[in-house]
Amino acid sequence: MSESFPEGADIYNNFCATCHLASGEGIPNAFPPINKSNWLKEKRAATIKAVKYGLNGNIEVNGVEYNSLMPSMELTDEEVKNVLNYIFYAWDNNVEKPATLAEVREVKE
Ligand code: HEC
């Protein structure tokens, strides 16, 4: 069953779509895709951490290497949870279970 979390859509469109584009397709060799990303699917804790605190260094997404920087967007834990749940179930994505506020709070830098 596919869920959807429309409350995160505004945050996605305001904060994330600039780089990852409206449908999460990213820009090859610059911004990794969010839609159908193996990274997002396999690295749940790292995904939460990236959205909460930003991300830099070498990562591989769907077989392509990125070594760039995603700034922290300084979202509240509630906003992090909402945008995560939006991307977890948007487009072709469908992760095992939605993120909770407790789970977001637990992830430390
Ligand atoms: C300024 C551009 C920029 C913005 C804005 C941005 N990102 Fe990113 N994002 C990146 C880059 C660059 C990487 C790869 C970083 C690296 O190479 O270590 C990345 C990596 C990721 C990843 C892990 C890799 C993947 O594609 O699965 C996720 C998940 C992600 N971003 C989600 C988000 C979300 C959600 C937002 C909005 C809250 C957001 N990003 C906003 C540039 C951005």
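Each value, and the rule that gives it
Residues numbered from 1 in each chain as written. Predicted model: local features only at pLDDT ≥ 70, side-chain atom pairs only at ≥ 80, totals over all residues. Heavy atoms only, no water. Donors = N, O, S within 2.8 Å, 3.2 Å for Na, K, Ca; no water. Tetrahedral: all angles 85-135°; square planar, octahedral: opposite > 155°, others 65-115°. Helix = DSSP H or I, 4+ residues; strand = E, 2+ residues; numbered from the N terminus. Buried < 20%, exposed > 50% of the residue type's maximum accessible area, 1.4 Å probe, protein only. Contact = heavy atoms within 4.5 Å. Phe/Tyr/Trp six-rings, centres within 6.5 Å; stacked < 30°, edge-to-face > 60°. Near = heavy atom within 4 Å. Polar contact = N/O pair within 3.5 Å; in protein donor to acceptor, adjacent residues only side chain to side chain. Nonpolar A, V, L, I, M, F, W, Y, C, P; charged D, E, K, R; others polar.

Q: Help me understand the coordination of the iron atom of the ligand, please; the structure alone is not making it clear to me.
A: Under perfect tetrahedral coordination by four donors, a metal shows angles of 109.5 degrees; under perfect octahedral coordination by six donors, it shows angles of 90 or 180 degrees. Coordination of the iron atom of the ligand by the protein involves His20 (NE2) and Met70 (SD), with metal-donor separations of 2.0 Å. Bound by 6 donor atoms, the iron atom of the ligand shows angles of 87 to 179° at the metal and therefore octahedral coordination geometry. Linking His20 in helix α1 (residues 9-20) with Met70 in strand β2 (residues 64-70), this pair joins segments that are 50 residues apart in sequence. On the accessibility criterion, His20 (10% relative accessible area) is buried.

Q: I tried to follow the environment of Leu40 on my own but got confused; where do I start?
A: Along the chain, Leu40 turns up in helix α2 (residues 38-42). The sequence separation of Leu40 and Phe88 amounts to 48 residues, and the corresponding C-alpha distance is 8.0 Å. For Leu40, the contacting residues outside a window of four places in its chain are Ile34, Thr47, Ile87, Phe88, Asn93 and Val95.

Q: How should the packing of aromatic side chains be read in this particular structure?
A: One pair of aromatic rings is described through two measures. These are the centre distance and the angle between the planes. All chains considered together, the criterion is met by 4 aromatic pairs. With a centroid separation of 5.7 Å and an interplanar angle of 45°, the aromatic rings of Tyr12 and Tyr86 are classed as tilted. Note that Tyr12 is positioned in helix α1 and Tyr86 in helix α4 (residues 77-89), a separation of 74 residues in sequence. The two residues Tyr12 and Tyr86 agree in class, both being buried. Considering the side-chain rings of Tyr86 and Trp91, the 5.8 Å spacing of their centres and the 80° angle between planes classify their relative orientation as edge-to-face. Overall, Tyr86 belongs to the buried group, its relative accessible area being 17%. Relative accessible area serves as the criterion here: at 28%, Trp91 is assigned to the partly exposed category. Three or more aromatic residues joined by ring pairs make a cluster, and in this case those are Tyr12, Tyr86 and Trp91.

Q: Sorry if this is basic, but what is going on with the environment of Leu21 here?
A: Secondary-structure assignment places Leu21 in the loop between α1 and α2. Put simply, Leu21 and Pro32 are 11 residues apart on the chain and 10.0 Å apart in space, counted from C-alpha to C-alpha. With residues near it in sequence (within four places) discarded, Leu21 still touches Tyr12, Cys16, Gly26 and Ile27.

Q: What is the right way to look at the site of the ligand in this model?
A: Around the ligand lies a shell of 28 residues, among which Cys16, Cys19, His20, Pro33 and Met70 are the nearest. Contacts to the ligand include His20, whose side-chain N or O atom sits 2.8 Å from a nitrogen atom. A distance of 2.8 Å is found between an oxygen atom of the ligand and a backbone nitrogen or oxygen belonging to Ser68. Taken together, the residues that form the shell around the ligand break down as 21 nonpolar, 7 polar and no charged.

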